[in-house]
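Structural description and commentary
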Amino acid sequence: MIGDILPPGVAAEEAFGDLPETLLFPEEEEVVAKAVDKRRREFTTARACARAALAKLGLPAVPIVPGPRGAPQWPAGVVGSITHCDGYRACAVARDSDIVTIGLDAEPHDKLPDGVLDAVSLAPERARLAELTAVIPGVCWDRMLFCVKESVYKAWFPLTGRWLGFEDACVDFNPDAKSFSARLLVPGPVVNGRHLDGFSGRWLVSGGLIVTAIVIARAR
């Protein structure tokens, strides 16, 4: 499923159930030593996906532990992103000689809880969601927006090491192409020799899930 929205050069692995036989490295065990069972299962299966994705790049299994703000710490020369929600865990990785950053997120395909949309969206985004809902009511566009903003943050943070609020990017959708754009409302980092002013990516809805992905290729 996830491979449908990722470009060549990105290796990915996904799981639709937990993999309890997965063994964690000691460094990873420390992270979830006091975690509740749900958190431990999410973490463990996500690491299994990460190891499988790294193997597709010809790389060995290594500990993948959270760093600042929970971002996964990848081995040298690798960029990647991990996501998990109920019934789904996934990882996408690439060599940093090919890809600058990856932002991957998955959410259940269901409406956001009451009050959440106002907290995570801008007025122009809410107006656009109303338009899209009127034309394509079968998609939970509010949850899609939230999923995209999570992908934006995951792509942004490795480039900057800085927080990016929900109000700091304005998202629009192309439903025909199943793509999206996110215009940054704060100064962006220099990427491929120019100041980054936004992100673009792709989305899919399948099997009760929304998955969104941002990938910035390295300029040659």
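Thresholds, definitions, all that
- Numbering of residues begins from 1 in every chain and follows the order in which that chain's sequence is written.
- Restriction of local features to residues with pLDDT of at least 70 applies here, the model being predicted, together with a cutoff of 80 or more for giving and counting side-chain atom pairs; totals for whole chains, interfaces and linings are based on all residues.
- Working from all heavy atoms in the structure, the side-chain values ignore hydrogens and water.
- In this description, strands pair whenever DSSP reports at least two bridges between them.
- A run of DSSP states H or I qualifies as a helix once it reaches four residues; a run of E qualifies as a strand once it reaches two. Both are numbered from the N-terminal end.
- Convention adopted: a line fitted to C-alpha atoms gives each axis, helices being fitted over their contacting stretch, and angles between N-to-C directions are expressed from 0 to 180 degrees.
- Working definition: roughly parallel below 35 degrees, roughly antiparallel above 145 degrees, roughly perpendicular at 65 to 115 degrees, and oblique for all remaining angles.
- With the far helix as reference, a near helix turned anticlockwise by less than a right angle produces a left-handed crossing, and one turned clockwise produces a right-handed crossing.
- Whether two residues are in contact is decided by their heavy atoms: any pair within 4.5 Å suffices.
- When residues are grouped by polarity, Ala, Val, Leu, Ile, Met, Phe, Trp, Tyr, Cys and Pro land in nonpolar, Asp, Glu, Lys and Arg in charged, and all others, Gly among them, in polar.
- Type-normalised accessible area, obtained with a 1.4 Å probe on protein chains alone, sets the label of each residue: buried when under 20%, exposed when over 50%, and partly exposed for intermediate values.
- We call a set of buried residues a nonpolar core when its members are Ala, Val, Leu, Ile, Met, Phe, Trp, Tyr or Cys and they connect through side-chain atoms within 4.5 Å of each other.
- To estimate the expected span of a helix, subtract one from its residue number and multiply by 1.5 Å.

1. Quick notes on the sheet that holds strand S3 (residues 88–95)
Taken together, three strands build an open sheet; the order of strands is S1-S3-S2 and the sheet is antiparallel. Every interior strand has two partners, whereas the edge strands, strand S1 (11–15) and strand S2 (78–85), have only one. Averaged over all adjacent pairs, the angle separating strand axes in this sheet is 10°, with direction ignored. In this sheet, S3 lies alongside S1 in antiparallel orientation, the contact comprising five bridges. Within S3, the residue paired with Glu13 across the bridge is Cys91.

2. Looking at the environment of Ala134
As for its position among the elements, Ala134 is in helix H4 (residues 123–135). Separated by 65 residues in sequence, Ala134 and Phe199 place their C-alpha atoms 26 Å apart.

3. Notes on the packing of H4 against helix H5 (residues 141–160)
Two elements in contact, H4 and H5, have axes separated by 9 Å at closest approach and are oriented at 135°. As far as their axial angle goes, H5 and H4 are oblique. With respect to the hand of their crossing, H4 and H5 are arranged in right-handed fashion. Note on element contacts: H5 touches H4 through Trp141, Asp142, Leu145 and Lys149, opposite Glu125, Leu129, Leu132 and Thr133. Per-class residue counts for the contact of H4 with H5 are four nonpolar, one polar and three charged.

4. A look at the environment of Gly188
Mapped onto the fold, Gly188 is located in the loop between strand S6 (179–184) and strand S7 (190–191). Take Gly188: its relative accessible area is 16%, and that puts it in the buried class. Separated by 32 residues in the primary sequence, Gly188 and Arg220 have C-alpha atoms spaced 21 Å apart. Residue contacts for Gly188: discarding those within four places in its chain leaves Trp156, His195 and Leu196.

5. Some points on the nonpolar core
Of all hydrophobic cores here, the largest spans 29 residues; its most connected members are Trp141, Met144, Val152, Phe173, Leu184 and Phe199. Of all the secondary structure elements, the ones that give two or more residues to this core are H4, H5, strand S5 (169–174), S6, strand S9 (198–206) and strand S10 (209–217). When residues in this core are grouped by element, the largest group, 10 residues, is from H5. Discounting chain neighbours no more than four positions away, the residues touching Phe173 are Arg128, Leu129, Leu132, Trp141, Met144, Leu145, Val148, Ser179, Phe180 and Trp203.

6. Overview of helix H2 (residues 37–56)
For H2, spanning 20 residues, the distance from its first C-alpha to its last is 29 Å, which sits close to the expected 28 Å at 1.5 Å a residue. The complete set of buried residues in H2 reads Glu42, Phe43, Thr44, Thr45, Ala46, Arg47, Ala48, Cys49, Ala50, Arg51, Ala53 and Leu54. As for H2, its buried residues are in contact with S1, helix H1 (26–32), S2 and S3. Where H2 ends, the next residue or the one after it, Gly58, has phi of about 80°, a positive value.

Purely geometric stuff here, so don't read any function into it on its own.
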